[in-house]
Amino acid sequence: MRRAFADKDASFDGLFVVAVKTTGIFCRPTCRAKTPRPQNVEFFATPAQALAHGYRACKLCKPDQDPRVPDVVGRLMDLAHRDASPLRGRDLRTMGIDPGTARRRFRRHVGMSFAAYQRGARMGSALARVRRGANMTDAQLAAGFESASGFREAFGRLFGTPALKADDAVALAATWIPTPLGSMLAAADEHGVALLDFIDRRGLPGAIERLRRRCGAGGQDAVIVPADHPHLRRLRGELDEYFAGRRLTFSVPLSPAGTPFERRAWDYLRTIPPGQTRSYSQQAQAIGAGGGARAVGRANGMNYLSIIIPCHRVVGADGALTGYGGGLWRKRWLLDHERRRIEQSAPSVKMRFSDRVSRS
């Protein structure tokens, strides 16, 4: 990393960030700012880790904005969706990709193996084809299966229903979205986005299982497969605008899976203006929660739509930051980010108001 930083090697951009102890700033490996002394430098794998250690982003190279997927990861994800046949190590070497390096980077960025991602993408594509009216043979071949029995077995094992009953299967399309606070997992059904959470959140596996049960049908859990989806594309664009400070609210359709009480709690969260906070007791009183602050705290903890349904805007009665599954440092960052954007927009709002007064 020291060598890559010294050489401004662009091939390492996105793999780590460089933090300077004397300035409190972190940069991309390619930043053209004055090179610091080696003893004043430390390295972090992600911008999120540097932020958690108290560093702020460099205004020159903007390491916290537009975090790009490492080239090899983006290329593999694209191949998984375009090529039905499984890609082996020899295939990667033919394309000039080192299999070991590619697999390590893929798992680090996406949170699962490339082989598992390929299988999910192939079966998700097969399900979509069958639902559009394709026959079983076409779906089987498009998914890269030479054997019809092998395709039927894989389909049934993943979706919990025979391929001939594909309309009974409930599947959520999923994607990985890089953000300045770390990669997030997003999933959507035909109604809207059902999941948005940080990949490194400790409770994410349990949340996914609960979501699958809640979204399932006919006694079968829903499945989550890597796939493209219009709601996910729209979500990615709105998240980019949010982190760039051009948007503080979201309009993407949502499909929250919760109990009636949880939904009341989540609806209240969406009424809290950006840059402001409410206490758990205020939330409980507003929705008539008999269990008080603890009850709404549990409901907020079941929120699968981080940032969009802003549970980060609820704090303790004394204003202390408590109870955020993504980590309190992220909660603090989100609140500070929103307050800064509100404050930055305030002068222009005041100016427009004063202009109207003077003209009148």
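What counts and what doesn't
- Residues numbered from 1 in each chain as written.
- Predicted model: local features only at pLDDT ≥ 70, side-chain atom pairs only at ≥ 80, totals over all residues.
- Heavy atoms only, no water.
- Helix = DSSP H or I, 4+ residues; strand = E, 2+ residues; numbered from the N terminus.
- Buried < 20%, exposed > 50% of the residue type's maximum accessible area, 1.4 Å probe, protein only.
- Contact = heavy atoms within 4.5 Å.
- Areas by Shrake-Rupley, 256 points an atom, 1.4 Å probe, with all protein chains shown as cover.
- Polar contact = N/O pair within 3.5 Å; in protein donor to acceptor, adjacent residues only side chain to side chain.
- Expected span 1.5 Å × (residues − 1).
- Arc of directions from axis to C-beta.
- Core = buried A, V, L, I, M, F, W, Y, C linked by side-chain atoms within 4.5 Å.
- Phe/Tyr/Trp six-rings, centres within 6.5 Å; stacked < 30°, edge-to-face > 60°.
- Lys NZ or Arg CZ within 6 Å of the ring centre and 35° of its normal.

Visitor: What's the story with the overall build of the protein in this structure? I'm lost.
Guide: Secondary structure assignment for the protein yields 14 helices and 10 strands. Across the 360 residues of the protein, 45% fall into the buried class. Considering only intrachain contacts with a sequence separation of at least 6, the fraction spanning at least 24 residues in the protein is 61%. Element-wise, carbon and sulfur atoms account for 50% of the exposed surface of the protein, whose accessible area totals about 18500 Å².

Visitor: How should the side chain of serine 255 be read in this particular structure?
Guide: Among the secondary structure elements, serine 255 is positioned in the loop between helix 10 (230-243) and helix 11 (260-269). Taking the relative accessible area as the measure of exposure, serine 255 reaches 13% and is therefore buried. Within polar-contact distance, the side chain of serine 255 engages the side chain of aspartate 189 at 3.1 Å. For serine 255, the contacting residues outside a window of four places in its chain are Asp189, His191, Gly192, Val193 and Ala194.

Visitor: I keep staring at the side chain of serine 306 and nothing clicks. Help me out?
Guide: Of note, serine 306 is situated in the loop between helix 13 (292-301) and strand 10 (314-315). Sequence-distant contacts of serine 306, that is, excluding residues within four places in its chain, are made with Met184, Leu196, Asp197 and Tyr324.

Visitor: What exactly am I supposed to notice about helix 9 (residues 204-215) here?
Guide: Along an α-helix, residues three or four apart share an orientation, since each turn contains 3.6 residues. Between its first and last C-alpha atoms helix 9 spans 16 Å; for 12 residues at 1.5 Å apiece the expected length is 16 Å, and the two agree. When helix 9 is considered as a whole, its buried residues turn out to be Leu204, Ala207, Ile208, Leu211 and Cys215. Around the axis of helix 9, the buried residues are gathered within 100° of arc, so they sit on the same side. In helix 9, the exposed residues that point more than 90 degrees away from the buried face are Pro205 and Arg213. For helix 9, the secondary structure elements touched by its buried residues are strand 5 (171-177), strand 6 (184-188), strand 7 (193-198) and strand 8 (223-226).

Visitor: Sorry, what's going on with the nonpolar core here?
Guide: The nonpolar side chains of soluble globular proteins are, as a tendency, buried together. Counting residues in hydrophobic clusters, the biggest one holds 76 residues, and the most contacted among them are Leu76 and Leu235. In this view, leucine 76 contacts Leu92, Ile97, Ala102, Phe106 and Phe114; residues no more than four positions away in its chain are not counted. One finds Phe5, Phe16, Val18 and Val41 within the second-largest nonpolar core, a separate group that totals 6 residues.

Visitor: Before we go on, may I ask you to explain the packing of aromatic side chains in this structure?
Guide: Two aromatic rings, taken as a pair, are described by how far apart their centres are and by the angle between their planes. For the coordinates displayed, the defined rule picks out 5 aromatic pairs. Ring geometry for tyrosine 242 and phenylalanine 243: centres 5.3 Å apart, planes at 85°, overall edge-to-face. With respect to burial, tyrosine 242 and phenylalanine 243 carry one shared label: buried. Look at phenylalanine 243 and tryptophan 333: their rings are 5.7 Å apart centre to centre, the planes differ by 45°, and that puts the pair in the tilted class. Linking phenylalanine 243 in helix 10 with tryptophan 333 in helix 14 (residues 328-359), this pair joins segments that are 90 residues apart in sequence. Members of the aromatic cluster, each reached through a chain of ring pairs, are Tyr242, Phe243, Phe250 and Trp333. The ring of phenylalanine 198 has arginine 330 sitting right over it, with the charged end atom 4.0 Å from the ring centre.

Read these as layout, nothing more, since geometry by itself doesn't imply function.
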